[in-house]
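What the coordinates show
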Amino acid sequence: DGGITQSPKYLFRKEGQNVTLSCEQNLNHDAMYWYRQDPGQGLRLIYYSQIVNDFQKGDIAEGYSVSREKKESFPLTVTSAQKNPTAFYLCASSQGLAGAYNEQFFGPGTRLTVL
Amino acid sequence: KNQVEQSPQSLIILEGKNCTLQCNYTVSPFSNLRWYKQDTGRGPVSLTIMTFSENTKSNGRYTATLDADTKQSSLHITASQLSDSASYICVVSAGFSGGYNKLIFGAGTRLAVHP
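Points about the overall build of chain B
- When helices and strands are counted, chain B shows zero helices and 11 strands.
- For chain B, the sequential pattern of α-helices and β-strands runs β-β-β-β-β-β-β-β-β-β-β.
- Judged by the C-alpha coordinates and their principal axes, chain B covers about 45 × 30 × 20 Å.
- Across the 115 residues in chain B, those meeting the buried criterion constitute 48%.
- Nonlocal contacts in chain B, meaning residues at least 24 apart in sequence, comprise 56% of its contacts between residues at least 6 apart.
- Accessible surface for chain B amounts to roughly 5500 Å². Of this, 50% is attributable to carbon and sulfur atoms.

Structure below.
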């Protein structure tokens with residue numbers, strides 16, 4: 001059963017804490033992405049990775065960090081430096097970088113709430 | 001500035017009726033346009049991908065059109081079903097074929113199909 005899994009589905013964080021969101025894919029995709037979704041707004045790119053041990057900042061990388069030690073895994077850490085972390089976080093992957101025919105597949109998402 | 005605007009923001013229709021969702025974009029250089037369906041609390045799922053040379057593409061009861069001259073796209077849903085209740089997101093890819101294509105997401109149209 002191929003696909004992208006994200007865990008946990010719901011996550012609660014106290015102010016000042018770092019939390020890590022998990023993203024795993026068994027599609028053998030090279031590229032992986034993290035997006036943030038807020039009500040009434042389009043998805044915004046946080047980080048993306050084209051290959052293992054390499055990643056690039058997206059449009060809203062401040063307060064976030066990632067790692068890509070394995071092809072199938074791309075965890076996202078939301079640090080205490082992120083001022084407004086409450087949001088729905090989506091992980092995605094594609095065979096190559098999202099181009100003309102490199103379709104992105106999305107995971108089910110993690111809803112993070114800061115208490 | 002690259003932008004994708006969708007209308008209406010929300011729409012309510014009766015089961016069995018047809019509807020059309022609109023997407024206007026100002027993205028350059030244009031690579032392709034995608035429509036995604038996102039159920040509440042889930043990740044988006046791809047419906048169609050169209051390149052510059054494609055005017056229309058269908059996926060079951062979903063038909064997307066693209067007018068590259070006016071920079072408009074529409075998603076037509078035929079004979080709506082309750083399961084069509086979701087947000088529909090228009091995404092435009094900016095960039096050059098073979099390189100990294102930045103995806104610009106619209107805020108989505110929230111469709112509710114009532115019995």
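As for the state of the cysteines
- Tallied over the entire structure, the rule returns two disulfides over all chains.
- With a sulfur-sulfur separation of 1.9 Å, A:Cys23 is cross-linked through a disulfide to A:Cys91. One quick way to see it: the torsion about the S-S bond of A:Cys23 and A:Cys91 is about -75°, and its sign makes the bridge left-handed. Taken together, the residues A:Cys23 in strand β3 (residues 19-25) and A:Cys91 in strand β9 (residues 87-94) connect sequence positions 68 residues apart. You'll find A:Cys23 and A:Cys91 in the same group, each marked buried.
- Covalently, B:Cys23 is tied to B:Cys90 through a disulfide, its sulfur atoms 2.1 Å apart. Between B:Cys23 and B:Cys90 the disulfide shows an S-S torsion of about -65°. By sign, it is left-handed. Remark: B:Cys90 occurs in strand β9 (residues 86-94) and B:Cys23 occurs in strand β3 (residues 19-26); sequence separation between them is 67 residues.
- Summary of cysteine pairing: B:Cys19 is not part of a disulfide, and the nearest cysteine sulfur, belonging to B:Cys90, is at 15 Å.
- Classification of B:Cys19 by relative accessible area gives buried; the value is 5%.

A word on the pairing of strand β7 (residues 62-67) of chain B
All names here are of chain B.
- What you see with β7 is a clean split: Tyr62, Ala64 and Leu66 sit on the buried side and Thr63, Thr65 and Asp67 on the side with no burial.
- With antiparallel pairing between neighbouring strands as the criterion, strand β6 (residues 56-59) and β7 make up a hairpin whose turn holds two residues, including Gly60 at a positive phi of roughly 65°.
- Bridging between β7 and strand β8 (residues 72-77) involves six bridges; their strand directions are antiparallel. From the neighbouring strand, Asp67 faces β8, where its bridge partner is Gln72.
- Here β7 folds back onto β8 in antiparallel fashion, the turn holding four residues, of which Lys71 has a positive phi close to 55°.

With respect to the pattern of salt bridges
Residues and elements named next belong to chain A.
- All told, the structure shown has six salt bridges over all chains when counted by the stated rule.
- Across the pair Lys71 and Asp30 runs a salt bridge whose closest N-O atoms are separated by 3.3 Å. Here the residue Lys71 occupies a position in the loop between β7 (64-66) and β8 (76-78), and Asp30 occupies one in the loop between β3 and β4 (31-37), the gap between them amounting to 41 residues.
- In this structure Lys71 comes out as partly exposed when scored by relative accessible area, which is 28%.

As for the interface of chain B and chain A
- With 21 residues of chain B in contact, the opposing surface of chain A contributes 23 residues.
- At the boundary of chain B with chain A, total buried surface from both sides reaches about 1700 Å², with 55% on carbon and sulfur atoms.
- Taken together, the links from chain B to chain A amount to one salt bridge.
- Scanning the region where chain B abuts chain A turns up four residue pairs in polar contact (both at pLDDT 80 or more).
- For the side of chain B that touches chain A, the elements supplying multiple residues, two or more each, are β4 (30-38), β5 (45-51), β9 and β10 (102-105) of chain B.
- Here the element with the most residues in the side of chain B that touches chain A is β4(B); it accounts for five residues.
- Across the side of chain B that touches chain A, the residue classes tally to eight nonpolar, 10 polar and three charged.

A look at the nonpolar core
Residues and elements named next belong to chain B.
- Counting residues in each nonpolar core, the largest one holds 26 residues, and the members touching the most others are Val4, Tyr25, Leu33, Trp35, Leu75, Tyr88 and Val92.
- Mapped onto this core, the elements with two or more residues apiece are β3, β4, β5, β7, β8, β9 and β11 (109-114).
- If near-sequence neighbours (up to four positions away) are discounted, Val4 is found in contact with Cys23, Asn24, Tyr25, Val27, Cys90, Val92, Ile104, Phe105 and Gly106.

What to know about the sheet that holds β3(A)
Residue and element names in this part refer to chain A.
- One open sheet holds the four strands; their spatial order is β1-β3-β8-β7, and the pairing between them is antiparallel. Lying at the two open borders of the sheet, with one neighbouring strand each, are β1 (4-7) and β7. Between one strand axis and the next, the sheet turns through 20° on average, direction left out of account.

Rules used throughout
- Residues numbered from 1 in each chain as written.
- Chains lettered and ligands numbered in written order.
- Predicted model: local features only at pLDDT ≥ 70, side-chain atom pairs only at ≥ 80, totals over all residues.
- Heavy atoms only, no water.
- Helix = DSSP H or I, 4+ residues; strand = E, 2+ residues; numbered from the N terminus.
- Buried < 20%, exposed > 50% of the residue type's maximum accessible area, 1.4 Å probe, protein only.
- Contact = heavy atoms within 4.5 Å.
- Areas by Shrake-Rupley, 256 points an atom, 1.4 Å probe, with all protein chains shown as cover.
- Disulfide = S-S within 2.5 Å.
- Pairing = 2+ DSSP bridges.
- Salt bridge = Lys/Arg side-chain N within 4 Å of Asp/Glu carboxyl O.
- Buried area = accessible area lost by both parts, 1.4 Å probe.
- Polar contact = N/O pair within 3.5 Å; in protein donor to acceptor, adjacent residues only side chain to side chain.
- Nonpolar A, V, L, I, M, F, W, Y, C, P; charged D, E, K, R; others polar.
- Core = buried A, V, L, I, M, F, W, Y, C linked by side-chain atoms within 4.5 Å.
- Axes fitted to C-alpha atoms, helices over the stretch in contact; angles between N-to-C directions.

Geometric values such as these leave the question of function open.
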